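Tertiary structure, described
Now for the letters of each chain:
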Amino acid sequence: MAPSEKNKFGIYVHLPFCIQKCSYCDFATAPWNQGIENDKYISHLLKEIENWSQWVGPREVTSLYFGGGTPSLSKPESIVAIVQTLEKHGFPLVDDAEIGLEADPKTIDKDQVKMFRDHGVNRLSLGIQTFNDSYLEQLGRFHRKKDAIELLEWIDELDFVYTADILFALPNQDLGKLKEDLDIFKSFSPKHLSAYVLTLPEKHRLMKESPEENLITDMFELIREELSALGLQHYEISNYAIPGYEAQHNTLYWTNEEYWGLGMSAHSYLKRGPWGKRLWRPSGLNSYYKFVSRETSAVQDTEFFEDLDVFEALFDRIHTALRMLSGFNLNQLMDEFPRVLREPIMNRFAELEGEGLVEQSGESFKLTRRGLYIFNKVLEILTFTSEDRDLIDIRNG
Ligand code: SF4
């Protein structure tokens, strides 16, 4: 199931169209409008591949992920056109590549599920969130419980690998209501689930009904217990899987592997320069189209590129590695960075341990339960402020 261990490289393709905008969503999306814009968008994606493939550097692709937006609104032929264009420009998929696609209930029927599978998709990521119709309505979701159940039944019949998203800490939600959602998921024996706390934009009308922090912690615990009873191991802050079914593409983000993001708002990370390079695309349709029509050389060194400095690179490496519940070897990681950073990092880990946020076993560190629930606090302690940076002279190695 897992793609070959060596040379992992992933491609993310952003397909931004949605039938309606969910009230809590801060992803870069665009209205579907019966798909009028879709062909134009896909042709820009193909052009982007053509323009940027040499710059990114041809290589084999171990995972390809179509996210959004609502990628299940797209035609399976578009997926094939993207895969073929990638291959033509030096990015062939390895035989066991994971090809994931986000699908929303009610935007896909059984025949389309089959078509996506026949066109190469081998993992669906279902935006179910909750089976409670009242919550679905409050959150502005397009689908309802019956659409989600139908989709799960079709996928089960087709024996298709999938993961599904659960949203919790919903307005006035209690443990009983969350358990109702988990019980329905459990009846389908999923192999992978992702559970996220609902994050509302500031001043959202539902904010005052958000559950208290203690209750959210109890919800985390309930999810862990219920899913572990199903054999799903908690392997990343928000992710649970039967061993062997972990998300290959997302794991790239937590293990310092390179990825190329295509399409509106997509981000990339390449190991270029001393500490790595980040790239991103504009997050509106028209600005993205303009971006694609520009020469590669005219875009370099603009606001769409960032060379990481040593502090950013170190922070990124540690905070992503900590997301994996298996933990990581801090000494080994610090060998890749200037020696002068070792002491400040060890001090931060001593503080994290003192606060009961991480625990050490040999040379490895991992999050404690408390660290899992208040990961923001962990990030706060790990961040290098501008004063910290001024005090550390990197030139002294
Ligand atoms: S379907 Fe997903 S991407 Fe689209 S608006 Fe809703 S949350 Fe955002």
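Details of the structure are given in the entry above.
Residues numbered from 1 in each chain as written. Predicted model: local features only at pLDDT ≥ 70, side-chain atom pairs only at ≥ 80, totals over all residues.

In this section: the overall build of the chain. For the chain, the helix and strand inventory stands at 16 helices and 17 strands. Principal-axis analysis of the C-alpha atoms gives the chain an extent of 60 × 55 × 40 Å. Taking all 397 residues of the chain together, 34% fall into the buried category. (Helix = DSSP H or I, 4+ residues; strand = E, 2+ residues; numbered from the N terminus. Buried ≥ 20, exposed ≤ 12 C-beta atoms within 10 Å, placed from the backbone.)

Turning next to unusual backbone geometry. Cis geometry is adopted by the peptide bond preceding G69, which originates at G68 and carries an omega value of 15 degrees. Positioned with a positive phi, Q34 is a non-glycine residue whose angle comes to about 55 degrees. The class of Q34 is exposed, set by 8 C-beta atoms lying within 10 Å. Phi at N172 takes a positive value of approximately 55 degrees, unusual for a residue other than glycine.

This part takes up the site of the ligand. Near the ligand the following residues occur: C18, K21, C22, C25, F27, T29, G68, G69, T70, D104 and G127. Split by residue class, the shell around the ligand holds four nonpolar, five polar and two charged. (Near = placed C-beta within 6 Å. Nonpolar A, V, L, I, M, F, W, Y, C, P; charged D, E, K, R; others polar.)

All right, on to the sheet that holds strand 15 (residues 328–329) then. The strand order across the open sheet formed by three strands is 15-17-16, and the pairing between neighbours is antiparallel. The strands lining the two open edges of the sheet, one partner per strand, are strand 15 and strand 16 (358–361). Relative to strand 16, helix 13 (residues 342–354) is tilted by about 110 degrees, and along the sheet it contacts strand 16 and strand 17 (364–367). (Pairing = 2+ DSSP bridges. Contact = placed C-beta atoms within 7 Å. Axes fitted to C-alpha atoms, helices over the stretch in contact; angles between N-to-C directions.)

As paired strands, strand 7 (residues 162–168) and strand 8 (residues 192–197) are joined by five bridges and run parallel to one another. Along strand 8, the bridge assignment pairs L167 with Y196. What joins strand 7 to strand 8 is helix 6 (residues 175–187), and the crossover it makes is right-handed. (Right-handed = clockwise from strand over helix to strand, strands pointing away.)

In this section: helix 1 (residues 38–56). The end-to-end C-alpha distance of helix 1 is 25 Å, a good match for the 27 Å that 19 residues give at a rise of 1.5 Å each. At E50, helix 1 is deflected by roughly 30 degrees, the largest bend along its length. Listed as buried for helix 1 are Y41, I42, H44, L45, E48, I49 and V56. Packed against the buried residues of helix 1 are strand 1 (9–15), helix 2 (76–88), strand 11 (258–262), strand 12 (267–270) and helix 9 (285–293). With its phi angle positive at about 100 degrees, G57 sits one or two positions after the end of helix 1. (Expected span 1.5 Å × (residues − 1). Bend = angle between axes of the 7 residues up to and from the residue.)

By the secondary structure assignment, R389 is in helix 16 (residues 386–391). Given 13 C-beta atoms within 10 Å, R389 falls into the partly exposed group. With 78 residues separating them along the chain, R389 and F311 place their C-alpha atoms 7.8 Å apart. Every residue in contact with R389, bar those within four places of it in the chain, is listed here: F311 and F384.

Looking now at the packing of helix 11 (residues 310–323) against helix 15 (residues 375–382). Packing of helix 11 against helix 15 brings their axes to within 11 Å, and their N-to-C directions diverge by 155 degrees. By the angle between their directions, the pair helix 11 and helix 15 is classed as roughly antiparallel. Regarding helix 11 and helix 15, the two cross each other, and that crossing is right-handed. Contact residues: helix 11 offers F315, I318, H319 and L322, while helix 15 offers V378, L379 and L382. Here the contact of helix 11 with helix 15 is built from residues that sort into six nonpolar, one polar and no charged. (Parallel < 35°, antiparallel > 145°, perpendicular 65-115°, else oblique. Left-handed = near helix turned anticlockwise from the far one by under 90°.)

With four bridges joining them, strand 12 and strand 13 (residues 277–280) adopt antiparallel strand pairing. Following the sheet pairing, Y269 is matched in strand 13 by R278. Turn length for the strand 12-strand 13 hairpin, with the two strands adjacent in sequence and antiparallel, is six residues, and the turn residue G273 shows positive phi of about 70 degrees.

The next subject is the packing of helix 6 against helix 7 (residues 213–229). Orientation of helix 6 relative to helix 7, taken along the N-to-C sense of each, is 25 degrees, at an axis distance of 11 Å. Relative to helix 7, helix 6 is oriented roughly parallel. Note that helix 6 runs across helix 7; the crossing there is right-handed. Residues L175, L178, K179, L182 and K186 of helix 6 form the contact with helix 7, whose own contacting residues are D218, M219, L222, I223 and E226. Partitioning the contact of helix 6 with helix 7 into residue classes produces six nonpolar, no polar and four charged.

Within the secondary structure, F142 sits in the loop between helix 4 (133–138) and helix 5 (145–158). The exposure class assigned to F142 is partly exposed, which follows from the 18 C-beta atoms found within 10 Å. Considering only alpha carbons, one finds F142 and P105, 37 residues apart in sequence, at a separation of 8.3 Å. If we skip the residues at most four places from it in the chain, F142 touches I19, Q20, D104 and K106.

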